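# Results of the structural survey
Residues per chain are reported as follows:
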Amino acid sequence: MDNKKVVKTDSGIEIKEVYCEPVKVDDLPGQFPFTRGVHSAMYRDRLWTMRQYAGFSTAKESNQRYHFLLSQGVSGLSVAFDLPTQIGYDSDHSMSEGEVGKVGVAIDSLKDMEELFDGIKLADITTSMTINATGFILLALYIALAKKQGADIKKISGTIQNDILKEYAARGTYIYPPEPSMRLITDIFEYCSKEVPKWNTISISGYHIREAGSDAVQELAFTLANGKAYLKAAIDKGLDINVFAKRLSFFFNAHNNIFEEVAKFRAARRMWANITKSLGATDSRAQMLRFHTQTGGSTLTAQQPKNNIVRVALQGLSAVLGGTQSLHTNGFDEALSLPTEEAASIALRTQQILAYESGATDTVDPLAGSYYVESLTNDIESAAWRIIEKIDAMGGAVKAIEQNYMQDEIARSAYAYNKAIEDKSKIIVGVNKFESEEVSAPPVFKINDSIRKVQSEKLERLKAERDNDAAFKCLDIIKEKATTRENLMPFVISAVENLCTLGEISDTLRSVWGEYKG
């Protein structure tokens, strides 16, 4: 009787005991379909952008953290926004109570944006903003601030997440129904392709899909299916895929299984190249999948939190071996609170050690040709295509979300993963094995509860001092244009320049489009 142990990845892909068969690798780095990387020399020419995701409390306090991170060697900023900002409420709204400044920075107006980037020239940095339903407003605020600083907006660069489909499927910070939400996204594509050509107009996110409980294959498949939906929406609007697709980027999660994660990243590039080509992309830059990676927040444990330093290092290594263009490494204390300065500093040093001490950057795609990694790349790709084919048969990602397909599959995966931890078929060190009776909690980062009062007083002053006739006229124009096919971005930029608040702009569009009830 054959009692050989069966080993599977968390995605259910069976792993052989030994791999002896070579797998043909046709492409070279920088060549279609980019399995081995989007640039021919990768990190030998230029390292990935080292970001640290930060934002909390008021704009003034977050600004102090940004200056600290820049002094420590980060090469790009990554902004976290609080929940009211994410779902279109000003800090003084009743729905904002208890949430202002808690999971990110509170941004109500251009005045806050000025404080957030005080002493930081937007022309000299790249900024990633994790914002979706109100992404168009935050982009408008960023552009308005760049103009005030005297920057050439055709040269400013960064990324806005702007991925509403994954909000319906996995995260929940949506405002408007899918159709007007997709209209906002394609308006951004169109506006930026002409006016802010170096801006990445969307970061199609698998990160939050994985955080919600998906496995690696589902993360890949659902993310690329959403990407297809954005491509088709933009094409339907009459945009040129060879222009707008160059500014699309992706945002993936990195978990602990190094080889599965590397294979996922390699498969993602190959699949996206073929998806874009099938939809008419002929420019190689429009076929490239460029991505940011964040280490897995859901993998971090409150038990024995310093173990998370090792987890984050392994996850960061998988992203580098997989060819990421940008990386955020989590603080070891993030299962307990927002990261302290010490934790943020260790996380950044982790990236710097990977870059300068590990040897992982010495050659392009160092795991290429590995019998195991090449086979796993093919297996993950095949499994992801099967899911995408199901989604296509439903009518695409929007229809699949409306039918709860993605949500149900993520929930099933999350249940199976947690059950495996409970029955100890999945070992989490310090949680269900190698536990310690000693409890030593590190110092946690605390948010001042008076932030809502501070923000509300600022809003009161702003509304008393601004030209309200000009502000209300801007809001009336947005309301009128929301019923047309005209691009909304110029009118939103004008509104924020006239000190309309994020909540006022969001509510104006709520009055026209309503709210989506999941």
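Here is a short report on the structure shown in this document.

Analysis parameters
- Residues numbered from 1 in each chain as written.
- Predicted model: local features only at pLDDT ≥ 70, side-chain atom pairs only at ≥ 80, totals over all residues.
- Heavy atoms only, no water.
- Axes fitted to C-alpha atoms, helices over the stretch in contact; angles between N-to-C directions.
- Helix = DSSP H or I, 4+ residues; strand = E, 2+ residues; numbered from the N terminus.
- Left-handed = near helix turned anticlockwise from the far one by under 90°.
- Contact = heavy atoms within 4.5 Å.
- Nonpolar A, V, L, I, M, F, W, Y, C, P; charged D, E, K, R; others polar.
- Expected span 1.5 Å × (residues − 1).
- Buried < 20%, exposed > 50% of the residue type's maximum accessible area, 1.4 Å probe, protein only.
- Pairing = 2+ DSSP bridges.
- Phe/Tyr/Trp six-rings, centres within 6.5 Å; stacked < 30°, edge-to-face > 60°.

### Comments concerning the packing of helix α4 (residues 135-148) against helix α19 (residues 489-497)
Contact geometry for α4 and α19: axes closest at 9 Å, N-to-C directions at 65°. Crossing of α4 against α19: the hand is right-handed. From α4, Phe136, Ile137, Leu139, Ala140, Leu141, Ile143, Ala144 and Lys147 reach across to α19, where they touch Met489, Val492, Ile493, Val496 and Glu497. A class-by-class count of the residues in the contact of α4 with α19 yields 11 nonpolar, no polar and 2 charged.

### As for helix α12 (residues 307-321)
Side chains that are three or four residues apart share a direction in an α-helix, a result of its 3.6 residues per turn. Between its first and last C-alpha atoms α12 spans 22 Å; for 15 residues at 1.5 Å apiece the expected length is 21 Å, and the two agree. Every buried residue of α12 is accounted for by Asn308, Arg311, Val312, Gln315, Gly316, Ser318, Ala319, Val320 and Leu321.

### A closer look at unusual backbone geometry
Residues Phe32 and Pro33 are joined by a peptide bond in cis, for which omega reads 5°. Checked against the element boundaries, Pro33 lands in the loop between β2 (14-15) and β3 (49-54). The phi torsion at Ser57 lies on the positive side, around 60°, for a residue other than glycine. Along the chain, Ser57 falls in the loop between β3 and α1 (59-72). For Ser57, a relative accessible area of 1% puts it in the buried group.

### Side note on the sheet that holds strand β5 (residues 126-130)
Strand order in the open sheet formed by 9 strands is β7-β6-β5-β4-β3-β11-β10-β9-β8, and the pairing between neighbours is parallel. Of all strands in the sheet, those bounded by a partner on one side alone are β7 (199-200) and β8 (202-205). Pairing between β3 and strand β4 (residues 76-80): 4 bridges, direction parallel. Of the residues in β4, the one forming a bridge with Arg51 is Gly76. Where α1 meets the sheet, it contacts β3 and β4, and its direction lies at approximately 150° from that of β4. Along the sheet, α12 makes contact with β9 (248-254), β10 (291-295) and β11 (326-328), crossing β10 at roughly 165°.

### Observations regarding the packing of aromatic side chains
All chains considered together, the criterion is met by 19 aromatic pairs. Ring geometry for Phe265 and Phe291: centres 5.0 Å apart, planes at 25°, overall stacked. Separated by 26 residues along the polypeptide, Phe265 in helix α10 (residues 258-278) and Phe291 in strand β10 bring together distant segments of the chain. Look at Phe291 and you get buried, because its relative accessible area is 2%.

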